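Each chain is listed here by its residues.
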2 protein chains.
Amino acid sequence: MEQKENGRTGGKAAGRGTYSVGDERRLRILDAAVEHFAQWGFHASSLARIAKDVGITQGGLLHHFRSKEDLLVQVLERTEQQDSERFFREDFATATECYVNLLRLTEYNAARLGRTRMFNVLAAEAGDPGHPAHPYFVRRYTELVSVMSDSLQRAVDSGELRQGTDVVGVAAETAAVMDGLQLQWVLDPKGFDMPTRFHAYAERLLRSITTAGTGLPERPAAGG
Amino acid sequence: MEQKENGRTGGKAAGRGTYSVGDERRLRILDAAVEHFAQWGFHASSLARIAKDVGITQGGLLHHFRSKEDLLVQVLERTEQQDSERFFREDFATATECYVNLLRLTEYNAARLGRTRMFNVLAAEAGDPGHPAHPYFVRRYTELVSVMSDSLQRAVDSGELRQGTDVVGVAAETAAVMDGLQLQWVLDPKGFDMPTRFHAYAERLLRSITTAGTGLPERPAAGG
DNA sequence: GTCTATAACCGGATAGAC
DNA sequence: GTCTATCCGGTTATAGAC
């Protein structure tokens, strides 16, 4: 919070009291960057091309983001913030509730091709330990699996899930299914029904680890 | 088969009858390219850097592959050929046999970090319809799901799997799990035990769709 | 805040020497 | 087969004008 004051927190707000021009510009740059990282990945994306999409020059862009890497970091911070606000506001009371929420997340992602494709590309690229997003994605999966397995463990304790359920394994598996389905969906967004596939997975999974029924709504009723 | 005669089929073999120098060089280039596509993706990889790894110049490399795109295509063709020879030689008699085979494939992949990371990156990048590998990956998933769901359907017919099993859904889900686990494994190859995770998934899945037991070997016995 | 200009470098592909 | 030389263009980042 103290050493970064580029764009979002710094400068013009103090003197003028108006965010309109600068902050809207900043958001438009972030949106354009998502599309470019999705299509080109990080390394092959170009600040000049991103800037052109926004209607400014590369020099102008670098007034808002001090470097290409800074732009990437802020893109990831923003999308993560959107995710958390929407889907991880609090812990889930039951495993079923957790999966209903993940299904909603899948539907949300299925409505944003560029954003989802960007995550596919960056998560894969970040497998290189030298990639600027490597620490981010390592932490992201650690947290995701941790939050989910905690949720599942509470469901085991409450009797919703069978004793002896491998909660960490199921959490990692669920994250894997979501990512893998996204990969297939991005390759064929029209033909591949990602939310329905995830619903089928969740139902089969819950049927095999719950003590009673799945409690999952029918798929047509769950759709948006 | 008729208009491409670069490197693999063309030229020197006809006149000389010796493959040793040229073909070994070609294979070393392909191996180096795998590592570079893994680290940089397609667009940001550089022919000059790849050539340097092999000990030749960019001009020398382009003697073996007429373009960067040609290099990518031949890399994909080679790895796919290796895959098929190893794991899809014939159709599987039972669903269990199919999953035993996929577990072997997972173990195989877990021994090749660069190759696996390359597939993660290229599969994600190829979500862009303009990416040179887009048609390849679209076809790849179509075939994969087709082969697997055929196998599963035979298992339903034989009574191994429950009637009414959504074989296409299970096939897509299985492909998704493999890809998603690979993504997590590449981010943390030491800490994440991909084959064990896949084994746990296969066991849970088979337990929920087979009529009898899973028939899957215990994990330590299955390991290589 | 945005521009132009510039530094310093890297990209793929081609031509031709050997 | 491999090299060097070259073409033409693209890359990030910085400097300074307005």
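Before any of the text, the structure's been laid out above.
Each residue is numbered by its place in its chain's sequence as written, counting from 1. In the order they appear in the text, chains get letters beginning with A and ligands get numbers beginning with 1. Residues qualify for local features only when their pLDDT is at least 70, as the model is predicted, and side-chain atom pairs are given and counted only at 80 or more; totals for whole chains, interfaces and linings, by contrast, use all residues. Computation of side-chain values: all heavy atoms of the structure, hydrogens and water removed.

1. Brief notes about helix α8 (residues 134-158) of chain B
Because each turn of an α-helix spans 3.6 residues, side chains separated by three or four positions in sequence point in the same direction. Stated formally: Put simply, DSSP H or I for four residues or longer makes a helix, DSSP E for two residues or longer makes a strand, and each gets a number counted from the N terminus. Every helix has an expected span of 1.5 Å times one less than the residues it contains. By definition, residues are in contact when any of their heavy atoms lie within 4.5 Å.
When the terminal C-alpha atoms of α8(B) are compared, their 36 Å separation across 25 residues agrees well with the 36 Å that a helix rising 1.5 Å per residue should span. Tucked inside the fold, the buried residues of α8(B) contact α9 (167-187) of chain A together with α5 (68-87), α6 (95-109), α7 (113-125) and α9 (167-187) of chain B.

2. Observations concerning the side chain of A:Ser45
Residues and elements named next belong to chain A. Applicable threshold: To sort residues, take the accessible area from a 1.4 Å probe on protein chains only and compare it with the maximum for the residue type: under 20% means buried, over 50% means exposed, and anything in between is partly exposed. Between N or O atoms, a polar contact is any pair within 3.5 Å; within protein, one atom must be a potential hydrogen donor and the other a potential acceptor, and residues adjacent in sequence are included only when both atoms are from side chains.
Tracing the sequence through the fold places Ser 45 in the loop between α2 (20-40) and α3 (47-54). Ser 45 sits in the buried class, given a relative accessible area of 5%. Here Gly 41 takes part through its backbone oxygen, which lies 2.6 Å from a polar atom of the side chain of Ser 45. With sequence-adjacent residues up to four places away left out, Ser 45 is seen in contact with His 36, Phe 37, Trp 40 and Lys 68.

3. Let's talk about the nonpolar core
Our working definition: The set of buried Ala, Val, Leu, Ile, Met, Phe, Trp, Tyr and Cys residues whose side-chain atoms join them within 4.5 Å is what this entry labels a nonpolar core.
Ranked by internal contacts, the top residues of the largest apolar core, which has 68 residues, are A:Tyr99, A:Phe198, B:Tyr99 and B:Phe198. Those elements that place two or more of their residues in this core are α6 (95-109), α8 (134-158), α9 and α10 (194-209) of chain A together with α6, α8, α9 and α10 (194-209) of chain B. Ignoring sequence-local partners within four residues, the contact set of B:Tyr99 consists of B:Met148, B:Leu152, B:Val170, B:Thr174, B:Phe198, B:Tyr201, B:Ala202, B:Leu205, B:Leu206 and B:Leu216. Core analysis: the next-biggest nonpolar cluster, separate from the first, contains 63 residues, A:Phe119, A:Val121, B:Val34 and B:Ala126 among them.

4. Some points on empty space enclosed by the protein
Unfilled space is identified by rolling a water-sized probe across the atoms. Our working definition: Only protein atoms enter the 1 Å grid used here. Points where a 1.4 Å probe fits but cannot escape make up a cavity, open sets with protein on both sides within 12 Å along at least five of seven lines make up a pocket, and a residue lines them when an atom lies within 4 Å of a point. Grid points are joined across faces, edges and corners, and a volume is the space filled by probe spheres set on the points. Three classes are used: nonpolar for Ala, Val, Leu, Ile, Met, Phe, Trp, Tyr, Cys and Pro, charged for Asp, Glu, Lys and Arg, and polar for all others, with Gly counted as polar.
Within the structure shown, the criterion is met by 3 cavities of 30 Å³ or more. In this model, the largest cavity occupies a volume close to 70 Å³. Lining the largest cavity are A:Glu173, A:Tyr201, A:Arg204, A:Leu205, A:Ser208, B:Glu173, B:Tyr201, B:Arg204, B:Leu205 and B:Ser208. When contributions to the lining of the largest cavity are tallied by element, the ones reaching two or more residues are α10 of chain A together with α10 of chain B. Per-class residue counts for the lining of the largest cavity are 4 nonpolar, 2 polar and 4 charged.

5. Things to note about the relation of the copies chain A and chain B
Just so we agree on the cut-off: In this comparison the copies share one frame, found by least squares on the C-alpha atoms of residues holding pLDDT of at least 70 in both.
The two copies are related by a screw operation: chain A maps onto chain B through 180 degrees of rotation and 0.0 Å of translation along the axis, at an RMSD of 0.0 Å. Taken together, the rotation and translation describe the operation of a two-fold axis. Interface overlap between copies is the fraction of interface residues in one copy that are interface residues in the other; for chain A against chain B it reaches 100%, indicating a shared surface.

6. Remarks on the protein's contact with DNA strand C
Convention followed: Throughout, near means a residue has at least one heavy atom within 4 Å of the molecule or strand.
Looking at DNA strand C, there are 17 residues lining it, with A:Arg25, A:Thr57, A:His64, B:Ser46 and B:Arg49 nearest. At 3.0 Å, a backbone N or O of B:Ser45 approaches a phosphate oxygen of DNA strand C. Among the secondary structure elements, those contributing two or more residues to the surface near DNA strand C are α4 (58-64) of chain A together with α3 (47-54) and α4 (58-64) of chain B. In the surface near DNA strand C, the residues fall into 4 nonpolar, 9 polar and 4 charged.

7. So, the packing of aromatic side chains
All names here are of chain A. Formally: In this analysis, rings of Phe, Tyr and Trp, with Trp reduced to its six-membered ring, are considered paired at centre separations within 6.5 Å, and the interplanar angle assigns stacked below 30 degrees, edge-to-face beyond 60, and tilted for intermediate values.
Taken as a whole and judged by the stated rule, the model has 10 aromatic pairs over all chains. Considering the side-chain rings of Tyr 136 and Phe 137, the 5.0 Å spacing of their centres and the 90 degrees angle between planes classify their relative orientation as edge-to-face. The class for Phe 137 is buried, based on a relative accessible area of 0%. Taking the centre distance of 6.0 Å and the plane angle of 45 degrees together, the rings of Phe 198 and Tyr 201 count as tilted.

8. Topic: the interface of chain A and chain B
Just so we agree on the cut-off: Each of two parts loses accessible area, computed with a 1.4 Å probe, when they are put together; buried area is these two losses added. Salt bridge, as applied in this entry: a Lys or Arg side-chain nitrogen positioned within 4 Å of an Asp or Glu carboxyl oxygen.
Counting residues at the interface gives 42 residues for chain A and 42 residues for chain B. Here chain A packs against chain B, burying approximately 3,400 Å² in sum over the two surfaces, 66% of which is carbon and sulfur. Sorting the residues of chain A by area buried against chain B places A:Gln184, A:Leu187 and A:Arg204 first, and these three jointly supply 20% of that buried surface. Taken together, chain A and chain B are joined by 2 salt bridges. Within the residue set of the side of chain A that touches chain B, elements represented by two or more residues are α2, α7 (113-125), α8, α9 and α10 of chain A. The dominant element in the side of chain A that touches chain B, judged by the number of residues it contributes, is α9(A), at 15 residues. Residue composition of the side of chain A that touches chain B, by class: 25 nonpolar, 9 polar and 8 charged.

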